[in-house]
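Per-entry structural report
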Amino acid sequence: MNSSPIPMIMDGDPGTDDLLTWMWALARPTQVEMLGIATVHGNVPLARTTENALALLDFLGAADIPVHAGAPAPADQDRAPEGDGAFAESGLGALTLPPARRTIASDNAVAWMAQTLRAHPAGSITICATGPLTNLALLHRRDPEAFARIGRIGVMGGSFNLLPPNHVRRGNITPWAEFNFYMDPVAAQEVLNAGVPVLLLPLDVTHLFVSTPDRMARARTLPRHGQEVALMLDAAAHLDRPKFGADGAFQHDTTVLAALLYPHLFQTMRGQVQVVTTGPAAGACLLLPDDAALVEVATGVKDPAAFFDLLFDALSG
Ligand code: RIB
Ligand code: CA
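We now turn to the structure provided with this report. Note that the coordinates shown come from a computational prediction; the quantities given were computed from them, not determined experimentally.

A few points about the coordination of the calcium ion (ligand 2)
Ideal geometry at a metal centre: 109.5 degrees between donors when four sit tetrahedrally, and 90 or 180 degrees when six sit octahedrally. At 2.2 to 2.6 Å from the calcium ion (ligand 2) lie its protein donor atoms, namely Asp13 (OD), Asp18 (OD), Asp18 (OD), Thr130 (O) and Asp253 (OD). Summarised as a motif, the one-chain spacing of the donors to the calcium ion (ligand 2) is D-x4-D-x111-T-x122-D. Residue aspartate 13 is found in the loop between strand E1 (6-12) and helix H1 (16-26), and its partner threonine 130 is found in the loop between strand E4 (125-129) and helix H4 (134-142); the two are separated by 117 residues along the sequence. Here aspartate 13 matches threonine 130 in class, with each residue buried.

Rendered as structure tokens:
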């Protein structure tokens with residue numbers, strides 16, 4: 001068990017599940033030293049994901065966690081592809097947060113990540129990546145030496161099989177692809193094959209964590225922010241139910257933090273991952289088992305209820 005907290009950079013596209021991930025991390029300061037937040041295009045445009053990150057930190061009264069705005073569009077495109085409105089135009093679903101009072105620390109998240117990685121011992125920083133991987137791909141291109149100093153990247157993205165519970169689609173944004181990989185497939189392909197250890201949480205596993213009515217009721221009884229947490233948990237249910245026959249919303253980004261902090265909850269395998277970068281299946285990915293591979297893919301979970309116990313316990317403080 002690590003005695004000291006893991007130095008962590010959060011890279012995401014809030015999106016309420018990104019926000020809930022960061023809320024969980026902030027609630028566990030003895031396990032996570034949050035060095036800062038890098039925002040990226042994705043669920044909503046960059047200006048909105050950045051405002052949502054700032055607003056969450058204010059809402060929580062979080063200490064001075066710096067927010068750095070990152071890439072407004074995929075690494076090799078001028079404009080981001082259309083999303084699916086999973087979290088409404090605000091990126092927050094039905095949740096509303098008071099407008100942020102604080103401002104961004106910089107508009108160059110990639111430069112900040114490089115500087116932070118160079119200022120910390122090589123291998124000491126973990127990246128919690130819960131949006132399109134554009135910032136990390138740009139870091140790899142612009143400063144490969146800094147990129148190589150990353151200890152591990154936890155990634156929410158991709159999918160490998162027909163998805164539970166109804167097994168009729170392989171993806172959530174298209175029938176083929178998961179949203180984060182679809183939004184920048186070139187970046188996903190680059191980062192997953194860039195020589196840094198990756199812990200990958202694909203939809204195959206995130207679909208095992210559902211905001212069922214009993215869990216929603218439990219969230220609402222939290223001593224603080226229960227209503228907000230419930231809205232974050234359930235934000236994408238309006239899509240997950242019709243697309244997949246789910247009994248609520250799937251919990252995607254929070255599983256990255258859970259897998260980084262509580263690896264015993266998950267079954268994993270090592271393998272090489274290739275991401276389709278063009279055509280109708282752009283963002284789809286393939287897995288080739290390889291015990292020597294740097295990518296560790298979550299393939300199952302031993303007890304989804306334990307995940308929610310850990311989440312609600314952290315948020316009960
Ligand atoms: O496919 C789920 C992912 O897409 C999550 O990270 C969600 O926030 C969206 O970014
Ligand atoms: Ca996200």
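Regarding the pattern of salt bridges
For the coordinates displayed, the defined rule picks out ten salt bridges. A salt bridge links arginine 141 to glutamate 190, with the nearest nitrogen and oxygen atoms 2.5 Å apart. Remark: glutamate 190 occurs in helix H7 (residues 185-192) and arginine 141 occurs in helix H4; sequence separation between them is 49 residues. Classification of arginine 141 by relative accessible area gives partly exposed; the value is 35%. A residue is classified by how much of its surface remains accessible, and glutamate 190, at 22% relative accessible area, is partly exposed. The salt bridge involving arginine 152 is made with glutamate 296; its shortest N-O contact spans 4.0 Å. Here arginine 152 is found in strand E5 (residues 150-156), whereas its partner glutamate 296 is found in strand E9 (residues 295-301), with 144 residues between them in sequence. Residue class for arginine 152 comes out partly exposed when judged on its relative accessible area of 26%. Since its relative accessible area comes to 18%, glutamate 296 is described here as buried. One network of salt bridges, with partners in common, ties together Asp76, Arg141 and Glu190.

Description of the sheet that holds strand E2 (residues 32-39)
Pairing in this open sheet of nine strands is mixed, and the strands run E3-E2-E1-E4-E5-E6-E9-E7-E8 from one edge to the other. Looking at strand neighbours, the two that pair on one side only are strand E3 (67-69) and strand E8 (285-289), the edges of this open sheet. Sheet twist, expressed as the average angle between the axes of neighbouring strands with direction ignored, equals 30°. Bridging between E1 and E4 involves four bridges; their strand directions are parallel. Its bridge partner being in E4, methionine 8 is matched across the sheet by threonine 126. Most of the contacts of H1 go to E2, to which it runs at about 155°, and overall it touches E1, E2 and E4. Packing of H7 onto the sheet brings it into contact with E5, strand E6 (198-201), strand E7 (266-275) and E9, and relative to E7 it is tilted by some 115°.

Section: the packing of aromatic side chains
In total, this model carries seven aromatic pairs according to the counting rule given. Measuring from centroid to centroid gives 6.2 Å for phenylalanine 308 and phenylalanine 312, while their planes differ by 35°, and the two rings are tilted. Linking phenylalanine 308 with phenylalanine 312, this pair stays in helix H13 (residues 304-314), spanning four residues, or about one helical turn. The pair phenylalanine 308 / phenylalanine 312 is uniform in exposure class, with both members buried. Among the aromatic residues, ring-to-ring pairing joins Trp24, Phe209, Tyr262, Phe266, Phe307, Phe308 and Phe312 into one connected group.

Thoughts on the nonpolar core
Most often, soluble globular proteins keep nonpolar side chains buried together rather than apart. Judged by nonpolar contacts, the single largest core of 61 residues is most densely connected at Ile37, Leu233 and Phe266. One finds Leu35, Leu192, Leu200 and Cys285 within the second-largest nonpolar core, a separate group that totals 39 residues.

Calculation criteria
- Residues numbered from 1 in each chain as written.
- Chains lettered and ligands numbered in written order.
- Predicted model: local features only at pLDDT ≥ 70, side-chain atom pairs only at ≥ 80, totals over all residues.
- Heavy atoms only, no water.
- Donors = N, O, S within 2.8 Å, 3.2 Å for Na, K, Ca; no water.
- Helix = DSSP H or I, 4+ residues; strand = E, 2+ residues; numbered from the N terminus.
- Buried < 20%, exposed > 50% of the residue type's maximum accessible area, 1.4 Å probe, protein only.
- Salt bridge = Lys/Arg side-chain N within 4 Å of Asp/Glu carboxyl O.
- Pairing = 2+ DSSP bridges.
- Axes fitted to C-alpha atoms, helices over the stretch in contact; angles between N-to-C directions.
- Contact = heavy atoms within 4.5 Å.
- Phe/Tyr/Trp six-rings, centres within 6.5 Å; stacked < 30°, edge-to-face > 60°.
- Core = buried A, V, L, I, M, F, W, Y, C linked by side-chain atoms within 4.5 Å.

None of this, on its own, says anything about what the molecule does.
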